[in-house]
Amino acid sequence: MSGAGRYTIGVLTLSDKGSRGEREDESGRIVREMVAGLGEVTRYQVIPDEEELIVRTLVEWADRDGLDLILTTGGTGLTPRDVTPEATARVIEREVPGMAEAMRMASLQKTPHAMLSRAMAGVRRHSLIINLPGSPKGVRENLEVVLPALEHGLAKLKGDPSECAR
Ligand SMILES: Nc1nc2c(c(=O)[nH]1)N[C@H]1C(S)=C(S)[C@@H](COP(=O)(O)OP(=O)(O)OC[C@H]3O[C@@H](n4cnc5c(N)ncnc54)[C@H](O)[C@@H]3O)O[C@H]1N2
Ligand SMILES: O=P(O)(O)OP(=O)(O)O
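What this report covers is the structure whose coordinates are included nearby. What you see is a predicted model, and the numbers here were worked out from it, not measured in a lab. (Residues numbered from 1 in each chain as written. Chains lettered and ligands numbered in written order. Predicted model: local features only at pLDDT ≥ 70, side-chain atom pairs only at ≥ 80, totals over all residues. Heavy atoms only, no water.)

Digging into helix α4 (residues 84-91)
Working step 1: Among the residues making up α4, those that are buried are Thr84, Pro85, Ala87, Thr88 and Val91. Buried residues in α4, looked at end-on, bunch into an arc of 160°, giving them a common side. (Buried < 20%, exposed > 50% of the residue type's maximum accessible area, 1.4 Å probe, protein only. Helix = DSSP H or I, 4+ residues; strand = E, 2+ residues; numbered from the N terminus. Arc of directions from axis to C-beta.)

Below is the structure:
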């Protein structure tokens, strides 16, 4: 089977305004467009920046639905309601720090504000969860950094036994 359409993907937008219908979810749309070649977006929701709700949704998508990849957008910064990293830390079993490090490192070439994102990445069961910032520009600039490693990472997560060096 080719890479296209191989993985199940969830896109979770964390936005108070978006959840109230006060702002169009442009960032979620960008994520969906950018991952189209990797698989099918089978779950998509816009929910408020509420830690318990984020935890519950991530756990459901990972444990009940068994999604391969879950991408969140929003709530990674410093405002009191930015709690996506806290929720993600409660859910993941194995952190993948290199993904968040790479996103911040590359993003610092674009804006010093990149260091304000506390985005995390990690694995729960067979799901890879990656936080992205909230702004459409931030989403694009961060996701394009990790996208080239996702196909390989998701294959390994599914148990691909092939030798990486070959
Ligand atoms: N490579 C980049 N990395 C980062 C950027 C960037 O421009 N390029 N921005 C940095 C900034 S600034 C901050 S602060 C941090 C953390 O951002 P957050 O995850 O906390 O973002 P939010 O507060 O949730 O949203 C910020 C801003 O973006 C707009 N917004 C948010 N959600 C949506 C949405 N679903 N659709 C459309 N627009 C949205 C809105 O104006 C919010 O006020 O990240 C750095 N990283
Ligand atoms: O409404 P949100 O949660 O998207 O965030 P902000 O208050 O930063 O616009």
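Looking at the site of ligand 2
Working step 1: In the vicinity of ligand 2, the residues found are Ser15, Asp16, Lys17, Arg23 and Asp49.
Working step 2: Asp16 is positioned such that a nitrogen or oxygen atom in its backbone is 2.7 Å from an oxygen atom of ligand 2.
Working step 3: When ligand 2 sits alone it has 280 Å² of accessible area, and the protein chains cover 57% of it.
Working step 4: Classifying every residue of the shell around ligand 2 gives no nonpolar, one polar and four charged. (Near = heavy atom within 4 Å. Polar contact = N/O pair within 3.5 Å; in protein donor to acceptor, adjacent residues only side chain to side chain. Areas by Shrake-Rupley, 256 points an atom, 1.4 Å probe, with all protein chains shown as cover. Nonpolar A, V, L, I, M, F, W, Y, C, P; charged D, E, K, R; others polar.)

Description of the site of ligand 1
Working step 1: Around ligand 1 sit 24 residues, and of these Asp25, Thr76, Gly77, Ser107 and Glu141 come closest.
Working step 2: The separation between a nitrogen atom of ligand 1 and a polar main-chain atom of Glu26 is 3.2 Å.
Working step 3: The contact in question runs from an oxygen atom of ligand 1 to an N or O atom on the backbone of Gly77, over 2.8 Å.
Working step 4: In isolation ligand 1 exposes 870 Å². Once the protein is present, 75% of that is buried.
Working step 5: Where the shell around ligand 1 is concerned, the elements lending two or more residues are α2 (26-34) and α6 (136-157).
Working step 6: A per-element tally of the shell around ligand 1 places α6 first, with five residues.
Working step 7: Split by residue class, the shell around ligand 1 holds three nonpolar, 14 polar and seven charged.

As for unusual backbone geometry
Working step 1: Of note, Arg125 is a non-glycine position whose phi angle comes to about 50°, a positive value.
Working step 2: Positionally, Arg125 belongs in the loop between β5 (121-124) and β6 (127-132).

Here's the deal with the sheet that holds strand β4 (residues 94-95)
By way of backbone hydrogen bonds, the strands of a sheet pair with one another, either parallel or antiparallel.
Working step 1: Across the sheet, which stays open at both edges, the six strands sit in the order β2-β1-β3-β6-β5-β4 with mixed pairing between neighbours. The outermost strands of the open sheet, each flanked by one partner alone, are β2 (39-47) and β4.
Working step 2: Two strands pair when backbone bridges link them, and strand β1 (residues 7-14) and strand β3 (residues 69-73) are joined in this way by five bridges, in the parallel orientation. Opposite Gly10, over in β3, you have Ile70 as the bridge partner.
Working step 3: Contacts from helix α5 (residues 97-107) reach β4, β5 and β6 within the one sheet, and its direction differs from that of β6 by about 25°. (Pairing = 2+ DSSP bridges. Contact = heavy atoms within 4.5 Å. Axes fitted to C-alpha atoms, helices over the stretch in contact; angles between N-to-C directions.)

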